[in-house]
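Residue-level listing of the chains:
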Amino acid sequence: MNGEGRCLKPVKCTCCVQKLDDSLRTELFEQYWLVSWERKRDFILSNTVVTETSRKTAGEKSRRKQSIQYFLPIISGKVKGFATPNGNVGRAPANKTPKDIMEQVIQFIKRFPTLPSHYCRKDSKLLYLEPGLSLSKMYTMYTEDTAINHKHVSKKIFDKIFHSLDLSFNNPRKDQCDTCVAYKQGSVDSVSFQEHIEMKDKARHFKALGKELAAENDTLKVVTMDMQQLLLCPKSFASAVYYKRKLSVHNFTLYDLKSKDVFCYLWHEGQGGLDSDEFASIIVDFLQSVPDNVESVIFWSDGCTYQNRNANLSSAIKYMFVNNLKPTLKEVHQKYFTRGHTQMEADSVHAAIETNSSKIEVYRPTEWETVIKTARRKNPYNVKTVDHQFWKKYPSLVTSIRPGKVVGDPTVTDICHLKYTKEGIFYTLSHGTPLRPLPLRPVRQPSMALKAKYKHSLPLTAAKIADLKSLCEIVIPACHRPFYNSLL
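Here is a short report on the structure shown in this document. Fair warning: this is a prediction, and the values are worked out from it, not measured in the lab.

**A word on the overall build of the protein chain**
Argument step 1. Broken down by element type, the protein chain carries 15 helices and 17 strands.
Argument step 2. Counting over 488 residues, the protein chain shows a buried share of 42%.

Laid out in structure tokens, this is it:
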């Protein structure tokens, strides 16, 4: 970019030597290669003239409609091949957006609260704005905000600045398979791709097989489970809401493939977090609630480690068997879909909830409970709203579920199937292959005491408290304000 290794070549044209001496040529050469590519482009544009073609050497069939004349800045009068300094060299084009205006746009966009991707936290740097917003809506709000005191940029420039900040609206599902996309682009070989497809097909086959067996056997229950994308309170169509941080509401869904019964566990951020202990508490609670005739439960889920594939969850299920919390239950299975192909029945529940809430406003988490229950008229969804007292901290009976010990050995994410019984924990790396005992690290005198995860409600951040107070004054109806005051 800075012209390293480049040198000024001698001039062979005697006419050019007379018009531009070596000192000016050297000065122009050095200044040109010191600036950025953008400044180089500005220099070239400011010293070119586009005119209509005066003579077509190819006759009437010539496709050339324009001629471009190039100039260089010199001290004397302007002649073809050169140009006198007119103040444009080194100056930004007249239509270039000033830096202060661009900074105003950036600060306006940053006023909108953002969320990390629910599905791609480790794979994407993008942050996502809440549902209901769009570039067109944001640009309209921007023009209204700057109409009185400031000039505003065009929609094209606004869009360009927005995307430069690593922001987006459409929170991508993990169903967008990285391996499949890479294969289409030629980054993955056919052998690896074929192995990936075979793993995906195996998972689908055994899920369908389990569903058929559950339909014929009342002692077997097959369930898919997944976490819904973040819900927000208040959910309002008022434009002022988009600028404020709102209360986060979480919904973890379990879908029974045989009965099509749906069980949703609902809580807000003041009553619980998103740690592995929360998901372990939910799954053990669900297992204890199944009918006594059920002897085996199979969970199908994605492989999200902090939710479904971790030592805390394994400890919780093992604790349940060790202490005989559900005597009639003989085995629990955790089976995982192939990464990138995690579509499941629980997704249809979340889609129904989103549709049911698309045209209504929600001001309290309890109203989300009503929205979820009424998302399906026949056989309504079951909702269990929990508070901070619901969560448990299970003893660490399992310190790691990694099958291997050294580099190159299988890791936690290689596990496709975990089986829990009173005899122990078993695993396999491929669906349909024999299970083997999971090598567990010894635990020195593990405490068997079951503890509460939280002693009191969780505090909100100061910034969120300030925004909720503001929303109480301008958006939230008076009848709902006592709930928010109890959080502040």
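**Concerning a nonpolar patch on the surface**
Argument step 1. Where nonpolar side chains cluster on the molecular surface, the patch consists of Val 50, Ile 68 and Tyr 70 and spans about 320 Å² of accessible area.
Argument step 2. Relative to the helices and strands, Ile 68 is located in strand β2 (residues 66-70).

**Digging into empty space enclosed by the protein**
Argument step 1. A full pass over the atoms with the stated rule returns one cavity of 30 Å³ or more.
Argument step 2. Of the pockets and cavities examined, the largest cavity occupies roughly 30 Å³.
Argument step 3. Every residue along the wall of the largest cavity is listed here: Met 320, Phe 321, Asn 324, Leu 325, Lys 326, Leu 329 and Lys 422.
Argument step 4. Among the residues forming the lining of the largest cavity, the class breakdown is four nonpolar, one polar and two charged.

**Considerations on helix α6 (residues 155-164)**
Argument step 1. Of all the positions in α6, only Phe 158, Asp 159, Ile 161 and Phe 162 are classed as buried. Down the axis of α6, the buried set is contained in an arc of 165°. They therefore lie on one face. Opposite its buried face, α6 presents the exposed residues Lys 156, Lys 160 and Ser 164, each directed more than 90 degrees away.
Argument step 2. Buried residues belonging to α6 abut α4 (99-109), β4 (127-129), α5 (135-146) and β5 (167-168).
Argument step 3. One or two steps after α6, the chain reaches Asp 166, where phi turns positive at roughly 55°.

**A short note on α4**
Argument step 1. Listed as buried for α4 are Ile 101, Val 105, Ile 106, Phe 108 and Ile 109. For α4, the angular spread of the buried residues around the axis is 160°, confining them to a single face.
Argument step 2. Buried positions along α4 lie against α5, α6 and β5.

**Details of the packing of aromatic side chains**
Argument step 1. Considering all chains together, one arrives at 19 aromatic pairs under this definition.
Argument step 2. Aromatic side chains Phe 112 and Tyr 243 sit 4.7 Å apart centroid to centroid with 35° between the ring planes, which places their arrangement in the tilted category. Remark: Tyr 243 occurs in the loop between β7 (231-233) and β8 (247-256) and Phe 112 occurs in the loop between α4 and β3 (114-116); sequence separation between them is 131 residues.
Argument step 3. For Phe 112, a relative accessible area of 3% translates into the label buried.
Argument step 4. Where Trp 300 meets Phe 337, the ring centres are 5.1 Å apart and the plane angle is 35°; that geometry is what we call tilted. Separated by 37 residues along the polypeptide, Trp 300 in strand β10 (residues 296-301) and Phe 337 in the loop between β11 (331-336) and α12 (345-357) bring together distant segments of the chain.
Argument step 5. Judged by its relative accessible area of 1%, Trp 300 falls in the buried class.
Argument step 6. By relative accessible area, Phe 337 is classed as buried at 6%.
Argument step 7. Three or more aromatic residues joined by ring pairs form one cluster here, namely Phe 108, Phe 112, Tyr 139, Tyr 142, Phe 158 and Tyr 243.
Argument step 8. Above the face of the Tyr 336 ring, Arg 309 is positioned so that its terminal group lies 4.5 Å from the ring centre.
Argument step 9. We note Lys 392 situated over the ring of Phe 390; from NZ or CZ to the ring centre the distance is 5.9 Å.

**Some points on the nonpolar core**
Argument step 1. Leu 254, Phe 299 and Val 332 are the most contacted members of the largest nonpolar core, which totals 42 residues.
Argument step 2. Among residues more than four places away in sequence, those in contact with Val 332 are Leu 287, Val 297, Phe 299, Ile 317, Met 320, Phe 321, Leu 418, Lys 419 and Tyr 420.
Argument step 3. Tyr 363, Trp 368, Ile 465 and Leu 487 belong to the second-largest nonpolar core, a separate cluster that totals 39 residues.

**Quick word on the side chain of His 431**
Argument step 1. With respect to the helices and strands, His 431 occurs in the loop between β15 (424-428) and β16 (436-437).
Argument step 2. Setting aside anything within four residues of it in sequence, one finds His 431 in contact with Lys 202, Ala 203, Phe 206, Trp 300, Lys 335, Tyr 336 and Cys 416.

**Here's the deal with the state of the cysteines**
Argument step 1. Counted according to the given criterion, the structure contains zero disulfides.
Argument step 2. Summary of cysteine pairing: Cys 180 is not part of a disulfide, and the nearest cysteine sulfur, belonging to Cys 177, is at 3.5 Å.

**A few points about the pattern of salt bridges**
Argument step 1. A full pass over the atoms with the stated rule returns 17 salt bridges.
Argument step 2. Here Asp 201 and Lys 200 are joined by a salt bridge, their closest N and O atoms 3.1 Å apart.
Argument step 3. The exposure class of Asp 201 is partly exposed, given its relative accessible area of 39%.
Argument step 4. Linking Asp 292 and Lys 326 is a salt bridge whose minimum nitrogen-to-oxygen distance equals 3.0 Å. In this pair, Asp 292 is assigned in the loop between α9 (276-289) and β10 and Lys 326 in the loop between α11 (311-322) and β11, connecting sequence segments 34 residues apart.
Argument step 5. According to the relative accessible area criterion, Asp 292 is exposed, its value standing at 55%.
Argument step 6. Salt bridges sharing common partners tie together Asp 275, Asp 277, Glu 278, Lys 393 and Lys 453.

**A word on the environment of Pro 98**
Argument step 1. Relative to the elements of secondary structure, Pro 98 occurs in the loop between β2 and α4.
Argument step 2. Assessed through its relative accessible area of 42%, Pro 98 is described here as partly exposed.

About the cut-offs
- Residues numbered from 1 in each chain as written.
- Predicted model: local features only at pLDDT ≥ 70, side-chain atom pairs only at ≥ 80, totals over all residues.
- Heavy atoms only, no water.
- Helix = DSSP H or I, 4+ residues; strand = E, 2+ residues; numbered from the N terminus.
- Buried < 20%, exposed > 50% of the residue type's maximum accessible area, 1.4 Å probe, protein only.
- Patch = residues over 30% accessible without salt bridge, like charges linked within 9 Å, V, L, I, M, F, W, Y side chains within 5 Å.
- Areas by Shrake-Rupley, 256 points an atom, 1.4 Å probe, with all protein chains shown as cover.
- Salt bridge = Lys/Arg side-chain N within 4 Å of Asp/Glu carboxyl O.
- 1 Å grid on protein atoms, 1.4 Å probe; cavity = no way out; pocket = protein on both sides within 12 Å on 5 of 7 lines; lining within 4 Å.
- Points joined across faces, edges and corners; volume = space filled by probe spheres on them.
- Nonpolar A, V, L, I, M, F, W, Y, C, P; charged D, E, K, R; others polar.
- Arc of directions from axis to C-beta.
- Contact = heavy atoms within 4.5 Å.
- Phe/Tyr/Trp six-rings, centres within 6.5 Å; stacked < 30°, edge-to-face > 60°.
- Lys NZ or Arg CZ within 6 Å of the ring centre and 35° of its normal.
- Core = buried A, V, L, I, M, F, W, Y, C linked by side-chain atoms within 4.5 Å.
- Disulfide = S-S within 2.5 Å.

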